Structures are given as structure tokens and as C-alpha cells.
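# Reading the structure
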Amino acid sequence: SVQAHKEEENPEKAMEVNGPTPVPDSYDYDLIVIGGGSGGLAASKEAAKYGKKVMVLDFVTPTPQGNSWGLGGTCVNVGCIPKKLMHQAALLGQALQDSRKFGWQFTEEVKHNWMTMTESVQNYIGSLNWGYRVALRDTKVTYENAYGEFVGSHTIKATNKKGVEKLYTAERFIIATGERPRYLGIPGDKEYCISSDDLFSLPYCPGRTLVVGASYVALECAGFLAGLGLDVTVMVRSILLRGFDQDMANRIGEYMKEHGVNFLREFVPIKVEQVEEGTPGKLKVTAKSTTGDQEIEGEYNTVLLAIGRDPCTRKIGLDKVGVNINEKTGKIPVNDEEQTNVPYIYAIGDILQDKLELTPVAIQAGRLLVRRLYAGATTKCDYVNVPTTVFTPLEYGACGYSEETAVEKFGEENIEVYHSHFWPLEWTVPSRDNNKCYAKIICNIQDNERVIGFHVLGPNAGEVTQGFAAAIKCGLTKEQLDSTVGIHPVCAEV
Amino acid sequence: GTTWGLGGTCVNVGCIPKKLMHQAALLGSALKDAQHYGWNISQPVQHTWSVMAQGVQNYVKSLNWGHRVQLQEKKVKYFNIKGSFSDPHTVRGLTKAGKETVVTADNIVIATGGRPKYPTHVAGALEYGITSDDLFWLKKSPGKTIPSFILYVSLECAGFLTGIGLDTTVMMRSVPLRGFDQAQMASLVTEHMESYGTKFLKRCYPLKVEKLESDRLQVTWKNADLDNEETDSFNTVMWAVGRTPDIKTLNLETVGVKTNPETGKIIVDASEATSVPHIYAVGDITEGRPELTPTAIAAGKLLAQRLFGQSAELMDYDNVPTTVFTPLEYGCVGLSEEAAVQRHGSENIEVYHAYYKPLEFTVAERDATQCYMKMVCLREREQRILGLHFIGPNAGEVIQGFALGIKCGATYPQMMKTVGIHPTCAEEVTKLHITKRSGLDATVTGC
């Protein structure tokens, strides 16, 4: 064990390059990755490329409703992928309405069939699960559908669905266990409420839905459910999209309100009771005001909790190997090389403290980490100016500082905000909202008017934002922005 | 006989109506996709040209109005007259009613744009054919249509006509999208259109157009491959064989403004000045400039700032991004692959490429065979990006931001350092890593 540690500290070890190297006699594997999600799979496939003996453990603890899924992690199964597809279904509903103004004719009444959509989405996810299993096999990564936890130095225990336990050792570990939705801790929450873990495979239409929370998960789900024609209410404790630019967050909320989503602001649920069984059944929710003593009641077919996610770090034996976690949040602090306080244990993805919870970040971090470990690379993951997009009915793309953070960091007199409303050409003929789309850039006056924040609210916000993020990475200034010719007619030219 | 209001080609018979009709066609595809996403729509679905045309034309008219109001607000005097030079500082013009007006000025800017060409050597071309100038103002559906030749105008129009359900054929003499990347992009665009339902008559050129008793048009053409003549009848024949600068009636020779004898375009220097010192020209009419609305706008503004403001800034015509709004859109900025090879030599450039599938196509069971992107870079140390090409949905939105990056001298390593937004099509640009040189399969697989 001491020997292994000495080898860890030897920089030459990290310089081992391509070609299969024999695993040190004491270990079963060069690398064991706990968690088969975006980060874990990217890291394990990368390590296999350098001839390393790699194992990936992935296990999904069923939801309180009994739901589970295949290999691929949150993004593929209960996150980005099904979310975007259902968002697309909702956008298509809007497209149907627009198309009449563009000359298309069909029956007045158009209804949406939840089962048709969900089946298509689940089929596609199934193909991705399968694809990942094949990819792991092809790259000779050993995959076990088992729950991994540390039991001692360099040793983990893997427990499969049937309860069979096996022990494995490895020279290094990467923890990529991700997160799961948080519950409220009120009567009836686990029995009757669902989370995003259940929504995308729900075998019946959710009907009249109460979404609890104001995270992007809450707003995106509320958004597409309303777009599919359902009666949706969002219960918000305080502000929308905490951590995002608040001006943009409020515009998103306004748009959703104008498009039929009900908001109950400054309330929290205190109990959920079942009125009627069924798929869906009927639930009664009692909520209390955060500003007074007022209590309200409401009846819904479905209650969707989206109040946050908690890292899966408390039950994986971290105490047995001495890995520090933030006791309050459960997140793991790492240095800028994704290393925990235990030198041979690394961590990537949503579980990291003070890092962004995004698939592309996890993938990037995982790949770069592995290249540093096994291919002599030195590049570290760049967490600065990572772009993101919230796929609410009116999409929001952002990169860099929010206006309030920029003011805080640089001072109001040192930043300049350029902004504009715009009306997508495609919205003119169907007479859709003509002053809702909006874009702003925040510039640092003292640094050559360098663009330090980019925000856009409008269709295809993700597609628009991606290129701007690349430009910001290149040190884009306002002058360069002004001298770039627009493509006409598109939203991005604004 | 078609005519229109204030605003020029873009607003009236170009970008704006084109994109709106392209949108109408895209919505047709969306209707098909919607079924897969659970929307119950009874088939078949019909398209009514007049509803679309009226929606589009009404919007265009609102823009005409908006422009007139703007000019008034900014105290610009607007004359609806056909102007021509009588001497270097004097313009005279006739109103529709025949009243003459004479205006003198210190500085004059010529921005008369271009108009579609007619292939006058083809019998019946002028009498029976229409152009893009007419297409967007038709009150009745064009029916079975044959846009001729292969500029982007032709492909875009053929694309949306097919999309709204019309029987459309494109006749092309040689290569599609001349001037755009020929190494792949042009043929991927036309391949997609073929699978989309547009018919192509390749290596054919028209000989004559005759009117039949039924009011249909009989078109006879030469098939260069088979070396024979073929014929078919259509409701509409649309010429998209190029545009010619609108200078004939300006009297440029009298004042000494030089034009390129081959193209007819006005020759200008880097400050948009013609051969006559106080006479300038901007837009489609100028020699050697991209024929795009945003460049005309930018050049015009900068010119005004140089003349009357304190600026010395010249217009930068390098790395101007553009998009062709065919059914599967093609956006690009910078050099085509062949231009890069020509300029730097193929050993000095690296082309990264990928075939990808937009997430939204999966559930919709749409074919993504032609969804493709490539980045042309210099091979030496810095690996500066010379050109970026993207075929897929929302190509314009994708390319715009990257054009900014290229303006900042973006390099391949900087692109790789940029984290992708997931799930989008644009993120694939930041993940490009397979080179053409490697010969490896460039299909993107999974997350």
C-alpha cells in the first residue's frame, strides 16, 4: 500500500504513454469508474484507448415509485435527452398552430397522445442504452450492473440486483455517481409525488399537474407539459432559476405565464394526500405561504417535485477511504485536476463542489483527466465561460457572467450592457409575441470592452449560443462583434 | 408586371419572403414529425398557396410602411422616382405620372441593386417565364414548376415549393451552387433535395418555351448527356439564371463612373468610392463584393460614418458568413475546402469533419444522411480556422456565433476548449476531431 502511494507521487508514472502496460500485480484493474453516466462512460472509454484495464460500475436504485433505467446515466435516461425530445413535442404543437397561418389546413381539433410520444422517446433511449453497452464491449471496458462502494484502501464491493457481492481492487478510481432528485420530507411526498426520474417514462398521461420548484428542471418540465395541452401550475418558494441572470429568469417566467402556465409564488407544500387512486389518480396538496400564515389547497392528478438534486455520495463508503465531502451538500471538493483529498481517488460530474452540473462538462473533465493520467497530457478542464441553455418554451442560452454577478465583480460603472428585443421572422406571419425575444451582452469597459456575458432569449437559443461561446473563448470584444457581418435573416444576427 | 414598395430586393422579393416561404415548407415537415411525437392530425394535410402568400405579402407591406415612417422620422426626403445622372452632381427623375424632378447633391451613393436575368436566347422565356421578382407576389399557386439553373435562389425556391406539396423540377446545366464549397457541401444539399422530392434535370439546358391551349407551358430542352431533346409541360417556368446590376438607365457613362464591362458592376475602392470622387456605390451593384443584405447595410453605415462622422473605419469583407435556406440548410463562413487548398496547398490544411444526427430527427424517424459539418484549418502550430461549413437545421443560427470566433482569429485548440451545449447540433462543432486525412469513419456516435 505504501509502495503504491510512492508510485502515485512519482510524476514519471503519469507519463506512461500508449500501449498496454501490465497492471501492477496487486490490483485487478488500472481504473475503476463508479457510475456509468456522461462523465463515467467518457472517462472509461478514453482510458481503454490507452490500453488500460478498466471497469465501469453502474447501478440505478429504483425511485420511490419503482422506476429504474439502463446504462447511460441521468442525461440519457432521465435528463437532457428525453427532456429535449418532449420539449420538441411541445414546440411542434406550437408549429401546428403557426402552420395554419402559413397556409396549411387540417382539422380544427388537434389532440396530443402522451403514450405515443413516451413510447417513441423510451424506444430511442433504449437504443442509446444498447449503444453504450456495445461501445463498452467494443472498447474492452468491463461493465457490471452493480452498486459500487468502497470497503477499504483501493478496494470496492460491487452488489448486483440479486444481492451477490464481489470485491475488486484498482490502482485508481473515478467517482462519477451523479445525483438524484430531492424530496420535500413532508407527509405523502414519497408515496404520491413523482420526480423527473419518473416523468419521462410515465405510463399514463399526467393530467392536471402541480410542479413544485423553480429550478430549470421545474420550468422546463412545466413548459413542455403545458405545451402538450395539460393544465400546469408551478409552485415557487421564492425566486426563479436561482443562480441564473435574474432579469432573464423573470422574462422566462412572464412568457410562461402568458402562455398558460399558472404560478403560485411564495408557497411551499406541507402535505400531499390521495383523494382517488388511479393512473393518474387525484391528489390534494396543502401549501403554506412563506410570507404569512395563509394556507391553500389544490387538487391535481400529478405532483412533480423538482426542488433540487442531491449527490449520491453518502452511501458509497467514502468514509472508509477517507474521502472528504461537504457534509451539508454531499458534494466532493476536488483540486483543479479533479483529484480528491485521497490521491488515487478522483471525481467528475454533477457531484463536484463549485462546478457546473452539465453533461458536456463531465465528459470534458473525464476525458482530460484520463489523458493526464495515462497519456502524458497536461491540459486541465476549463470551467470558465461554459455555455448552457435552458429549454423552457422560450429558450434561454447563456455564456459567462450574469448581469448581477458582473456588476458585483467589476462594479456598475465598469461594465456596459448592450441589449435588444427582436422578433423572429418566423413569428411575424402567425402574429406571435413581437417583443418577447431578447438578447444582451455584457462588456468589461476596462478590458477593451471584452464580452464577458452573453444572454439570448428566443428560439433555438442553444444553436445560437454555441458559436458565441467559442468566440468568447477567443476573447471576443465589442468591436469585433460590431465588425462581424450578420447572416440574414436569422435570430442570431441580432 | 409585378412591382413593389420601398425596401429593395431583400424586403420585397428576396430574403424576407424567401425565408417565410421556406418556413412554410419547414412547417410541412413539422406536421409530419408531429405525428411521431404524439400529435393526432388527420391526413392528408393540404396547403393553400393564397393563405401563405397573403400572410407573407401583408408582412412585407408592413415593412414597406415601416421604412417610409423611419425615413420620415429621420428627416430623409424620399422620392418615388426613377433617377439618372444628368451631370456629376445632378440627378433627375420622373415620377410614375411623368412629372420631372431635379436634385443636386454634394455626395451621391448608388445602391440600385440587381434584377433577375432572363435567358433571352430561349424562345418564349420573357413572355411565359417568371422570376423570383414575381414568385413571391403570385396570388395563385404556381402548380407544377420548373426553376431553372442552379444558383442558390433556384434551389431555395425549388426547396420550399416542394415542401408545400408542389411538383417541382430543377433544370441545371452544370454544377450546383457555383461559388460555394464544391468538395462536398453543394452536392449534399442537392442530394437531400432529391430525397426530399425535388426532381433534378442534370446537365440540361432549355431551348424553348411555348404556351399550350390548356394555358400550361411546354418546355423543350437539350440533355447534354444523352445528346437529345426532351420536353414536358408545366404550369410555371421560373428563371433563376443570375441577377444583373440595375444600371442601364442611370447614365453612368455621362458622368464617368466606371463599370466592369463583363459583369456590368460598378468598380469601387476600399472606401466604396467609384472612379468619380464624390460618387459612391454599395450593395449588390458593386464589383467583387458579396451580394448580401447585411454587408450592404454595414458598408452603407460605415460609408456615412466616414463621410459625416469622425470615423475612418473601412468595411471588412473578409469572413462574411452566409446561409442557403434550402430544405436542409447550409451555413458557412470563411474559405471553402478547395479555396483553402488552392491558397495554402493540401499538405498545409487539415479538414475536420463529422456526420451527425439532430436529436429531433430520431423520434421523427427522419433521414439525417446529409447532416454534415466540416472545419478547414491551417495545419501549422496555431491551427487557425480558415472555414466552417454546416448542413443541418437552423444552419444560420449555428454559424453566426462561430463567424464571430473566426473574426477573432479562432484556432482549432480554442474550439476544442469550448464546452458544448447539450443537446444541440451546434455542439458537434466543438467536438470535431476526425480528419479527412485519417480516412476514418466520421459518423458521430452517442454522447
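Rules used throughout
- Residues numbered from 1 in each chain as written.
- Chains lettered and ligands numbered in written order.
- Predicted model: local features only at pLDDT ≥ 70, side-chain atom pairs only at ≥ 80, totals over all residues.
- Heavy atoms only, no water.
- UniProt positions renumbered as here; feature names shortened; annotations may be inferred.
- Helix = DSSP H or I, 4+ residues; strand = E, 2+ residues; numbered from the N terminus.
- Contact = heavy atoms within 4.5 Å.
- Salt bridge = Lys/Arg side-chain N within 4 Å of Asp/Glu carboxyl O.
- Polar contact = N/O pair within 3.5 Å; in protein donor to acceptor, adjacent residues only side chain to side chain.
- Axes fitted to C-alpha atoms, helices over the stretch in contact; angles between N-to-C directions.
- Parallel < 35°, antiparallel > 145°, perpendicular 65-115°, else oblique.
- Left-handed = near helix turned anticlockwise from the far one by under 90°.
- Nonpolar A, V, L, I, M, F, W, Y, C, P; charged D, E, K, R; others polar.
- Phe/Tyr/Trp six-rings, centres within 6.5 Å; stacked < 30°, edge-to-face > 60°.
- Buried < 20%, exposed > 50% of the residue type's maximum accessible area, 1.4 Å probe, protein only.
- Lys NZ or Arg CZ within 6 Å of the ring centre and 35° of its normal.
- Core = buried A, V, L, I, M, F, W, Y, C linked by side-chain atoms within 4.5 Å.
- pLDDT = per-residue confidence, 0-100.
- Pairing = 2+ DSSP bridges.
- Domains from an automatic or database assignment.
- Buried area = accessible area lost by both parts, 1.4 Å probe.

An unreviewed UniProt entry annotates chain B as thioredoxin-disulfide reductase (NADPH) of Dicaeum eximium. Per its UniProt entry, chain B bears the Catalytic activity (unreviewed entry) comment "2 glutathione + NADP(+) = glutathione disulfide + NADPH + H(+)". Its UniProt record gives chain B the following Sequence similarities (unreviewed entry) comment, quoted word for word: "Belongs to the class-I pyridine nucleotide-disulfide oxidoreductase family."

As recorded by an unreviewed UniProt entry, chain A carries the name Thioredoxin reductase 1, cytoplasmic and is attributed to Dicaeum eximium. Regarding chain A, the relevant UniProt record gives this comment under Function (unreviewed entry): "Reduces disulfideprotein thioredoxin (Trx) to its dithiol-containing form. Homodimeric flavoprotein involved in the regulation of cellular redox reactions, growth and differentiation. Contains a selenocysteine residue at the C-terminal active site that is essential for catalysis. Also has reductase activity on hydrogen peroxide (H2O2)." Under the heading Sequence similarities (unreviewed entry), UniProt records this for chain A: "Belongs to the class-I pyridine nucleotide-disulfide oxidoreductase family."

### With respect to the UniProt feature "domain: FAD/NAD(P)-binding" (unreviewed entry) in chain A
UniProt annotation of "domain: FAD/NAD(P)-binding" (unreviewed entry) refers to residues 29-366 of chain A when read in the numbering used here. In the segment residues 29-366 of chain A, helix accounts for 33% and strand for 28%; the C-alpha atoms at its two ends are 18 Å apart.

### Focus: the UniProt feature "domain: Pyridine nucleotide-disulphide oxidoreductase dimerisation" (unreviewed entry) in chain B
Residues annotated in UniProt with the feature "domain: Pyridine nucleotide-disulphide oxidoreductase dimerisation" (unreviewed entry) correspond here to residues 320-431 of chain B. Taken as a whole, residues 320-431 of chain B contains 29% helix and 26% strand, while its terminal C-alpha atoms sit 23 Å from one another.

### Some details on the interface of chain B and chain A
Where interface size is given, it is often the accessible area lost as the parts come together that is meant. Counting residues at the interface gives 77 residues for chain B, matched by 77 residues for chain A. Taken together, chain B and chain A are joined by three salt bridges. Applying the counting criterion to the chain B and chain A interface returns 24 residue pairs in polar contact (both at pLDDT 80 or more). Per-element tally for the side of chain B that touches chain A: the top contributor is helix α2 (residues 15-36) of chain B, with 14 residues.

### Quick word on the packing of helix α6 (residues 152-163) of chain B against helix α7 (residues 185-196) of chain B
Residues and elements named next belong to chain B. The interhelical angle for the contact between α6 and α7, taken along N-to-C directions, is 20 degrees, at an axis separation of 10 Å. Judged by the inter-axis angle, α6 sits roughly parallel to α7. For α6 against α7, the interelement crossing comes out left-handed. Across the interface between the two elements, Leu155, Ala158, Gly159, Thr162 and Gly163 from α6 touch Val189, Thr190, Met193 and Tyr196 from α7. Its residues assigned to classes, the contact of α6 with α7 shows five nonpolar, four polar and no charged.

### Observations regarding the packing of aromatic side chains
Under the definition given, this model contains 14 aromatic pairs over all chains. Ring geometry for Tyr352(B) against Tyr412(B): centres 3.9 Å apart, planes inclined by 5 degrees, an arrangement best described as stacked. Of this pair, Tyr352(B) sits in strand β20 (residues 349-355) while Tyr412(B) sits in helix α13 (residues 412-417), placing them 60 residues apart in sequence. Here Tyr352(B) and Tyr412(B) have matching classes, each one buried. Three or more aromatic residues joined by ring pairs make a cluster, and in this case those are Phe150(A), Phe173(A) and Tyr344(A). The ring of Tyr383(A) carries Lys355(A) above its face, with NZ or CZ at 4.8 Å from the centroid.

### Examining the nonpolar core
Ranked by size, the top nonpolar core spans 221 residues in total, and within it Ile32(A) and Met375(B) carry the most contacts. Counting residues per element, this core draws most heavily on α2(B), at ten residues. Not counting chain neighbours up to four residues away, the residues in contact with Met375(B) comprise Glu350(B), Val351(B), Tyr352(B), Ile385(B), Gly387(B), Leu388(B), Tyr412(B), Met415(B), Val429(B) and Leu432(B).

### A closer look at the confidence of the model for chain B
Residues and elements named next belong to chain B. Across chain B, pLDDT averages 90, with 98% of residues at or above 70. Predicted confidence in chain B is weakest over strand β9 (residues 145-148), with a mean pLDDT of 69, and strongest over strand β17 (residues 279-281), with 96. For this predicted complex, the interface score ipTM comes out at 0.87, while the overall pTM is 0.90.

### Some thoughts on the pairing of strand β17 (residues 302-305) of chain A
Residue and element names in this part refer to chain A. Residues Thr302 and Leu304 line one face of β17 and the alternating positions Val303 and Leu305 line the opposite face, and both faces are buried. Relative to β17, strand β10 (residues 194-195) runs parallel, the two being bridged by two bridges. Residue pairing across strands places serine 195 opposite leucine 305, the latter belonging to β17. The pairing of strand β11 (residues 209-212) with β17 spans four bridges and is parallel. Paired with threonine 209 across the strands is threonine 302, a residue of β17.

### Comments concerning the domain arrangement of chain A
Residue and element names in this part refer to chain A. Here chain A is described as being made up of domain 1 (29-178 + 312-375), domain 2 (182-307) and domain 3 (395-483). With centres defined by C-alpha atoms, the gap from domain 1 to domain 3 works out at 31 Å. Counting residues at the interface gives six residues for domain 1 and five residues for domain 3. Carbon and sulfur atoms supply 53% of the area that domain 1 and domain 3 bury against each other, a total of about 530 Å² over both sides. It is Asp98, Lys101 and Phe102 in domain 1 that bury the most area against domain 3; as a group they hold 67% of the surface buried on that side. There are one salt bridge connecting domain 1 and domain 3.

### Structural notes on the UniProt feature "binding site: FAD" (unreviewed entry) in chain A
Residue and element names in this part refer to chain A. Sequence positions flagged by UniProt for "binding site: FAD" (unreviewed entry) are, in local numbering, Lys84, Gly148 and Asp350. Considering the C-alpha atoms alone, the annotated residues occupy 267 residues of sequence and remain spread out, their largest mutual distance being 30.2 Å. With respect to the helices, strands and loops of the structure, glycine 148 is situated in strand β6 (residues 146-152). Summarising the element assignment, aspartate 350 is placed in the loop between β19 (345-347) and α11 (359-374). For aspartate 350, the residues in contact, after removing those within four places along its chain, are Gly178, Glu179, Lys331, Glu357 and Leu358.

### Re the sheet that holds strand β14 (residues 228-234) of chain B
All names here are of chain B. As summarised here, the arrangement of the three strands in space is β12-β13-β14, forming an open sheet in which the pairing is antiparallel. Looking along the sheet, the strands with just one partner apiece sit at the ends: β12 (204-211) and β14. Taken pair by pair, the neighbouring strands of this sheet meet at an average axis angle of 25 degrees, ignoring direction.

### Here we look at the environment of Lys96(B)
Residue and element names in this part refer to chain B. Summarising the element assignment, lysine 96 is placed in the loop between β4 (90-94) and β5 (100-104). With relative accessibility at 81%, the residue lysine 96 sits in the exposed group. As for lysine 96 and lysine 82, which are separated by 14 residues in sequence, their C-alpha atoms are 8.4 Å apart.

### A closer look at the side chain of Thr159(A)
Residues and elements named next belong to chain A. Structurally, threonine 159 can be placed in strand β7 (residues 155-160). Judged by its relative accessible area of 17%, threonine 159 is buried. Setting aside its immediate chain neighbours within four residues, threonine 159 contacts Phe59, Ala146, Tyr147, Glu149, Val164 and Glu165.

### Concerning the environment of Leu6(B)
All names here are of chain B. With respect to the element layout, leucine 6 can be found in the segment before α1 (8-13). C-alpha of leucine 6 to C-alpha of tyrosine 356: the two residues are 350 residues apart in sequence and 42 Å apart in space. Aside from chain neighbours lying at most four places away, what touches leucine 6 is Asn12, Asn64, His67, Arg68, Leu71 and Tyr78.

### Brief notes about the sheet that holds strand β15 (residues 282-289) of chain A
Residues and elements named next belong to chain A. One open sheet holds the three strands; their spatial order is β14-β15-β16, and the pairing between them is antiparallel. Both edges of this open sheet fall to β14 (267-276) and β16 (295-300), since each of them pairs with a single strand only. Strand-to-strand twist of the sheet, defined as the mean angle between neighbouring strand axes without regard to direction, takes the value 20 degrees. Note: β14 against β15, eight bridges, orientation antiparallel.

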